[in-house]
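Chain by chain, the residues run as shown.
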Amino acid sequence: MSIRLIAIIRVTAGYLLTMLFGVLVALIAVLYFYANSQPELNQWHAAPLDNEFGEREFSQFTHLDEYLALEAKLFHELNNHIYDKAPANASLASRFTPGSPVDPTGYMINWNRTQILAAGQNAGEVKAKCLLVHGLTDSPYSLRSLAETLQAEGCSVVALRLPGHGTIPAGLLDTENKYFSRAVELAALYLHEETHEALPFYVVGYSTGATLAIEYAVKQISSSSETNQSLASEVLPPVDKLVLISPAMGLPKVAEFASWQRRAANLPGLGVLAWNALLPEYDPYKYNSFTINAAEQVYQLTQKVSHDLAQWRLRDPHAEFPDTLTFMSAVDATVSVEAVVHDLYWHLNTKQHVLVVYDIDRTRYTPYLYNIDAMTNGLDLLNAEQPFSVTVVSNQLSQTNRLQIMKRVGGTISANEVDLNWPGDIYSLSHTALPIKYDDPIYGDSKLGEPGGVPLGGLNFKGERGILRIPPAQMNRLRYNPFYGYQEKQILSHLNLDNAQ
């Protein structure tokens, strides 16, 4: 190699290194500029509480009582480190201000905590055991109405608080989805031990909780098979039926690339990068701020569950899955209807599994206002031949606000009008709306809500754009289900509780 060529290579390498260094410096500068432009972190964003369920508990806890004892310490720590240290000028619109209208510790029951609802004395003998699992950034409150109904119908109910939830948003900074899964297992084992083992066992999950319910069912079926039984460290109670509400399947791929931002947050002064959103915490039962880790963990969970379902079906094409009833909105900004069909229902493969889809309002709004997915999602499902049953709740055929229940079972489509009307001020349901009763005191229609509630479901501020810290889309998103009564009846029927006295 000539001296001149060596010199050229050295000069070129020098230029490349200089350019790379310049790009790195520019990238770091952009990150710090972005970090400095974000809202300041509050104490509830700084770090998780010490008594949260973590790696030690994951490997050592074998009973829900241990989980509940730790949870009691966790909420005591929450009071000491957050509520008792609130500044004198703290916002009255904050859930972390003692005595504020949205302070959940001031309510008669704090539904941020795990709730165990024994079957009522007037319900006769216990008819079933039910595990309810909430969604990401939520709390057991999201399934409160259903939990109370199931209790009244003679069920022993555990409404579980998932690790990292119900306290401060920082609880989701470093939690792992395996902790969620283990908490579900502990709750299932508790119900199995505390009630008669012959009673049917039902699991109801909302959003991420629905994905965890699917994961549990697949794991239980796999571990109880003859080939895997000897490998199981503990025998998980079998699930008789599942109810899934807005199941978290098919999350956007952007979550797959969240880890780089989470790692960059470890650099000095860049802690804000651990957050996808930093918003005022005015909701007593749901975090508004959202961590990058939370998105990453749920994306990994959905990928794992999709893979496990596919592998389970390949291993045993004729294996039975617990009868599954699912409710979704035809339009869902959080999860994918298509993924629920192809990654879940196509693996279930029998007609006793039912997917219920709430359509959009097709009378007051025109195709000029809707995008193409909104116009086609629900009806495409109804018109395509599926190996499972499909129900679409729609006013497509009536061309009025009167709803019809359109069903496809096999190759047969039927339509029946019901005593339901599409509300005039709602154009669709939403991911967050489905599990919430229409008169819920927090998230329901403020015109119907219980006295003394904080009507977050009725937020509809009007004014100049660009001055509110809360994104308008968050205030406009529907928070309650106007067809909750219909949904509840379908759930009770699915769980063989519709004839309970």
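Note: the structure precedes this text.
First things first, this report covers the structure right here in the doc. (Residues numbered from 1 in each chain as written. Predicted model: local features only at pLDDT ≥ 70, side-chain atom pairs only at ≥ 80, totals over all residues. Heavy atoms only, no water.)

### Side note on the overall build of the protein
So, step 1. Looking only at helices and strands, the protein features 13 helices and 12 strands.
So, step 2. The 501 residues of the protein split such that 52% are buried.
So, step 3. Residue pairs in contact within the protein that sit at least 24 positions apart in sequence constitute 74% of those at least 6 positions apart. (Helix = DSSP H or I, 4+ residues; strand = E, 2+ residues; numbered from the N terminus. Buried < 20%, exposed > 50% of the residue type's maximum accessible area, 1.4 Å probe, protein only. Contact = heavy atoms within 4.5 Å.)

### Thoughts on the nonpolar core
So, step 1. Membership of the largest hydrophobic core comes to 67 residues, with the highest contact counts inside it found for Leu131, Leu160, Ile214, Phe321, Leu344 and Leu355.
So, step 2. The biggest single contributor to this core is helix α6 (residues 177-194), with 9 residues.
So, step 3. Excluding residues that lie within four positions of it along the chain, leucine 160 makes contacts with Leu64, Tyr67, Thr114, Leu131, Leu132, His134, Pro140, Ala183, Val184 and Ala187. (Core = buried A, V, L, I, M, F, W, Y, C linked by side-chain atoms within 4.5 Å.)

### A short note on the pattern of salt bridges
So, step 1. Under the defined criterion, the tally for this structure stands at 14 salt bridges.
So, step 2. For arginine 362, the salt bridge identified is with aspartate 359, shortest N-O distance 2.5 Å. One exposure class covers both arginine 362 and aspartate 359, and it is buried.
So, step 3. Among the charged side chains, a salt-bridge network with shared partners connects Glu52, Glu71 and Arg161. (Salt bridge = Lys/Arg side-chain N within 4 Å of Asp/Glu carboxyl O.)

### Description of the sheet that holds strand β10 (residues 389-394)
So, step 1. Overall, mixed pairing links the 10 strands, which are arranged β1-β3-β2-β4-β5-β8-β9-β10-β11-β12 in an open sheet. Strands at the two margins of the open sheet, each flanked by one partner only, are β1 (115-117) and β12 (412-421). Along the sheet, successive strands turn relative to each other by an average axial angle of 15°, direction set aside.
So, step 2. Against the sheet, helix α13 (residues 484-494) engages β5 (241-245), β8 (323-329), β9 (354-358), β10, β11 (402-409) and β12, with an angle of about 170° to β8. (Pairing = 2+ DSSP bridges. Axes fitted to C-alpha atoms, helices over the stretch in contact; angles between N-to-C directions.)

### Examining the side chain of serine 336
So, step 1. Considering the arrangement of structural elements, one finds serine 336 in the loop between β8 and α10 (337-348).
So, step 2. Within the local environment of serine 336, its side chain forms a polar contact with the backbone nitrogen of alanine 339, the two atoms lying 3.0 Å apart.
So, step 3. The contact partners of serine 336, leaving out residues within four places of it in the chain, are Met249, Gly250 and Met328. (Polar contact = N/O pair within 3.5 Å; in protein donor to acceptor, adjacent residues only side chain to side chain.)

### Remarks on the environment of aspartate 445
So, step 1. You can see aspartate 445 is positioned in the loop between β12 and α12 (472-476).
So, step 2. As a C-alpha pair, aspartate 445 and asparagine 481 span 36 residues in sequence and 9.1 Å in three-dimensional space.
So, step 3. Every residue in contact with aspartate 445, bar those within four places of it in the chain, is listed here: Tyr438 and Tyr480.

### Topic: unusual backbone geometry
Peptide bonds are, in most cases, trans, and in most cases residues other than glycine have a negative phi.
So, step 1. Positive phi, close to 45°, is recorded for serine 246, a residue that is not glycine.
So, step 2. Examined against the element boundaries, serine 246 turns out to sit in the loop between β5 and α8 (259-264).
So, step 3. A residue is classified by how much of its surface remains accessible, and serine 246, at 0% relative accessible area, is buried.
So, step 4. Phi is positive for asparagine 496, close to 60°, though the residue is something other than glycine.
So, step 5. Mapped onto the elements of the fold, asparagine 496 is located in the segment after α13.

### Here's the deal with a nonpolar patch on the surface
So, step 1. A cluster of nonpolar side chains, contributed by Phe461, Ile467 and Leu468, occupies part of the molecular surface with about 340 Å² of accessible area.
So, step 2. Mapped onto the elements of the fold, phenylalanine 461 is located in the loop between β12 and α12. (Patch = residues over 30% accessible without salt bridge, like charges linked within 9 Å, V, L, I, M, F, W, Y side chains within 5 Å. Areas by Shrake-Rupley, 256 points an atom, 1.4 Å probe, with all protein chains shown as cover.)

### As for a negative patch on the surface
So, step 1. Together, Asp65, Glu66, Glu193 and Glu194 make up a negatively charged patch on the protein surface.
So, step 2. Every element with two or more residues in the negative patch is listed here: α4 (64-83) and α6.
So, step 3. Counting through the fold element by element, glutamate 193 comes out in helix α6. (Lys, Arg positive; Asp, Glu negative; His and termini not counted. Charge placed at Lys NZ, Arg CZ, Asp CG, Glu CD.)

### Structural notes on the packing of helix α9 (residues 292-315) against α10
Each packed pair of helices is defined by two parameters, the angle between the axes and the distance between the axes.
So, step 1. The contact between α9 and α10 brings their axes to 10 Å, and the two run at 25°. Judged by the angle between their axes, α9 and α10 are roughly parallel. For the pair α9 and α10, the sense of crossing is left-handed. For the pair formed by α9 and α10, the contact residues are Ser306, Leu309, Ala310, Trp312 and Arg313 on the first element and Asp343, Leu344, His347 and Leu348 on the second.
So, step 2. In terms of residue class, the contact of α9 with α10 is built from 5 nonpolar, 2 polar and 2 charged. (Parallel < 35°, antiparallel > 145°, perpendicular 65-115°, else oblique. Left-handed = near helix turned anticlockwise from the far one by under 90°. Nonpolar A, V, L, I, M, F, W, Y, C, P; charged D, E, K, R; others polar.)

### So, the pairing of strand β2 (residues 128-133)
So, step 1. The element β2 is extensively covered by neighbouring structure, given that 6 of its 6 residues are classed as buried.
So, step 2. Of the two faces of β2, the one lined by Ala128, Cys130 and Leu132 and the one lined by Lys129, Leu131 and Val133 are each fully buried.
So, step 3. Across 6 bridges, the pairing between β2 and strand β3 (residues 155-160) is parallel. Note on β3: the bridge partner recorded for leucine 131 is valine 158.
So, step 4. Handedness of the β2-helix α5 (residues 144-152)-β3 crossover: right-handed.
So, step 5. Two strands pair when backbone bridges link them, and β2 and strand β4 (residues 201-206) are joined in this way by 5 bridges, in the parallel orientation. Its bridge partner being in β4, cysteine 130 is matched across the sheet by tyrosine 202. (Right-handed = clockwise from strand over helix to strand, strands pointing away.)

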